[in-house]
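Chain and residue survey
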Amino acid sequence: MTVGLFFAFSCVERSQQPVTPDAYYHEKLDEMASQMLIVQNAPTLDEKRKAYKASRSAFKAIEPMLAFVDIENYETLNQPNLLQVEEEDLTNIRIKAPEGFQVIEELLFASRPDTALIARKANFVIQRAGLINKNTSLEALKPHHVLWAIRNSIVGTALTGLSGFDSPMLINSLNDATEVYQTLSFWLDSQKNRFSDPALHHSWQKELQKTIETLKKGEFDTFDRLEFIKNHTHLQLRLWNQTVADWNVSFPFSLALSNDADNLFEAESYNLKYFSDPNGPAPTPELLSLGKRLFYDQKLSANGKMSCGSCHQPKLAFTDGKKKSIGNQGQELLRNAPTLLYAGFQKGFFYDKRSNSLEAQITQVVNDENEFHSDLQTLQASITKDTTYRQQFFKAFKTTTIVEAQVRQAIASYIRSLAPFSSKLDRHFQSENEVLNEQEKLGFNLFMGKAACATCHFPPFFNGTVPPRWKDSELENLGVPATAENKKIDTDPGRFSLFHTEEKRFFFKTPTIRNVALTAPYMHNGVYDSLEQVMDFYNAGGGEGMGLQVPHQTLPPDSLGLDQEEIDAIIAFMHALNDDVAAVAAY
């Protein structure tokens, strides 16, 4: 009970002082821990569940602050109920049991709760809360830190918070978002003296109150996330930019989201340097032109018959239309060719994430005996003999010496440029007009809500790179079958091949589904020919839901319960993710 007394006295002391953001932050940490103490010790399940909800509400209330000042502990407390596998190299593989709120939620609301295990997991949260309370503070935050933290919460709520991403059992996303926005309202109000324009501060409070009212009135399955992003999130980004100017704030650098972004569905809103080597060359027209030529040049492969464009064709959204790509001797390769559109917005490459950059991926393709079957030194020597190449390299790099790193950089820069943001969905968000039809709107909202698609395919890239920091691209185990008969799991071990970690068998990187209507067949092995088959697979609960044995499947095995009208709407929405044909052809 010592811990409980500490938290109780701590709250009393702080409540007598003027409530500053730092005092609010610590009071909520105290509340989070004291309620979790009830989860640990209460005699009845109802009391434990009630206290859990109160503890989680306190946690979500400080999410905007904690996720900024201590991202590691925030993510530890908010991790999914899945084994945590960290693979540094073959000699350093760490496997840890998950901890935190999602774990406790799934245990506590299960049909047969394990109260002893719940108590141990609750104790972890209590101890971690005390550690955070002792070691973190908001006092040192500068105005640009406060603004970044606020924007991260606005964006994170829109792109992950409303989807059920971190509340898989209770689906408490709208209440969670309400807690977040109440904190944002308090935090901005505490900064009232920074505003030189009182009308701007009033606009913030008016908008945040409207947002809170919208969230409180909503129901998870029917909530209009499309309208929320267009009329709340984007309005708040515009207010945020006005606040940057009003406070006369400058930023020391740019994060993934550009410091002047006001729309999440525009290319200009993202800082490609964040997703690549910040010291790499600028994507000038000369560099992109050179990269494009190298991309399509078959002479760079050993047999003179293969280029990057052989497996990544613009007319097929930079895929090849085959179940598995074809190698330099006409043989079937290991996996299906993913689209290269939006490939630059990832933090891992190849289906098994064996490369950490596009440049490294290019090197492996060049070296692969089944693909280019060459090496960068040979490419460099071949290119150097070509007068027009030498001229292009000089224009792009301002040097007469061609080095192999420049070959990689040129091709990678071209691939990173393949992000037109010209789909029907993008135009809907970029325009004041309604661009999507009613079926497509329904499909988007199902994708972002009931169907849980957006808990893995995060907008706006619709891949596995997690907003709002975009620092990691996720791997998932779906239990993909070997054939469309769905009788046995595919034998491709995926991520397991790298480190032979059994807990990562059948794990594959989540690809983008932008332009997915153009990129059949689907899955890493091309097992499904249509989006209807893909939707049936997910609706059934993946491999496990179809009766296959899939250890460590990350996709919930329960049916989504989607009816045909809902499936058709999601497919219609996915068609609305196709980029404008002319925009893609221009590459």
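Bear in mind the structure is a predicted one, so any value in this text is a computation, not a measurement.

Conventions and cut-offs
Residues numbered from 1 in each chain as written. Predicted model: local features only at pLDDT ≥ 70, side-chain atom pairs only at ≥ 80, totals over all residues. Heavy atoms only, no water. Helix = DSSP H or I, 4+ residues; strand = E, 2+ residues; numbered from the N terminus. Rg over C-alpha atoms; globule rule 2.2 N^0.38 Å. Buried < 20%, exposed > 50% of the residue type's maximum accessible area, 1.4 Å probe, protein only. Patch = residues over 30% accessible without salt bridge, like charges linked within 9 Å, V, L, I, M, F, W, Y side chains within 5 Å. Areas by Shrake-Rupley, 256 points an atom, 1.4 Å probe, with all protein chains shown as cover. Salt bridge = Lys/Arg side-chain N within 4 Å of Asp/Glu carboxyl O. Lys, Arg positive; Asp, Glu negative; His and termini not counted. Charge placed at Lys NZ, Arg CZ, Asp CG, Glu CD. Core = buried A, V, L, I, M, F, W, Y, C linked by side-chain atoms within 4.5 Å. Domains from an automatic or database assignment. Buried area = accessible area lost by both parts, 1.4 Å probe. Polar contact = N/O pair within 3.5 Å; in protein donor to acceptor, adjacent residues only side chain to side chain. Nonpolar A, V, L, I, M, F, W, Y, C, P; charged D, E, K, R; others polar. 1 Å grid on protein atoms, 1.4 Å probe; cavity = no way out; pocket = protein on both sides within 12 Å on 5 of 7 lines; lining within 4 Å. Points joined across faces, edges and corners; volume = space filled by probe spheres on them. Disulfide = S-S within 2.5 Å.

With that settled, consider the overall build of the chain. Within the chain, the regular secondary structure consists of 24 helices and four strands. The globule rule puts the C-alpha radius of gyration for 587 residues at 25 Å, and the 25 Å found for the chain is close to it. Each principal axis of the C-alpha atoms in the chain carries an extent, and together these give about 80 × 60 × 50 Å. Expressed as a percentage of its 587 residues, the buried residues of the chain come to 55%.

Now for a negative patch on the surface. Taken together, the side chains of Glu532, Asp536, Asp563, Glu565 and Asp568 make up a negatively charged region of the molecular surface. Mapped by element, the contributors of at least two residues to the negative patch are α21 (531-540) and α23 (564-575). The topology assignment puts Asp563 in the loop between α22 (542-545) and α23. The exposure class assigned to Asp563 is partly exposed, which follows from its relative accessible area of 39%.

One finds Leu294, Phe318, Phe393, Leu425, Phe447, Trp470 and Met574 to be the most contacted residues of the largest nonpolar core, which totals 88 residues. If you look at the next biggest cluster of nonpolar residues, it comprises 61 residues, including Ala33, Ala51, Leu66 and Trp240.

Moving on, we get to the domain arrangement of the chain. By the assigned domains, the chain splits into domain 1 (17-140), domain 2 (142-252), domain 3 (275-417) and domain 4 (424-586). The junction of domain 1 with domain 4 conceals about 930 Å² of combined surface from both sides, 64% of it contributed by carbon and sulfur atoms. Along the contact surface separating domain 1 from domain 4 lie two salt bridges. Residues Glu87 and Arg495 are paired through a salt bridge, measuring 2.9 Å at the closest nitrogen-oxygen approach. Our count for the contact surface shared by domain 1 and domain 4 stands at four residue pairs in polar contact (both at pLDDT 80 or more). Per-element tally for the side of domain 1 that touches domain 4: the top contributor is strand β1 (residues 84-89), with four residues. When grouped by side-chain class, the residues that make up the side of domain 1 that touches domain 4 number nine nonpolar, no polar and four charged.

Within this model, the second largest pocket holds a volume of roughly 330 Å³. Surrounding the second largest pocket, 16 residues form its lining, Ser276, Pro281, Pro283, Ser413 and Arg416 being those nearest its centre. For the lining of the second largest pocket, the per-class residue count stands at five nonpolar, six polar and five charged.

Attention now goes to the state of the cysteines. If you walk through the whole model with that rule in mind, you get zero disulfides. There is no disulfide at Cys456, and the cysteine sulfur nearest it, in Cys453, is 8.9 Å away. When its relative accessible area of 18% is taken as the criterion, Cys456 is described as buried.

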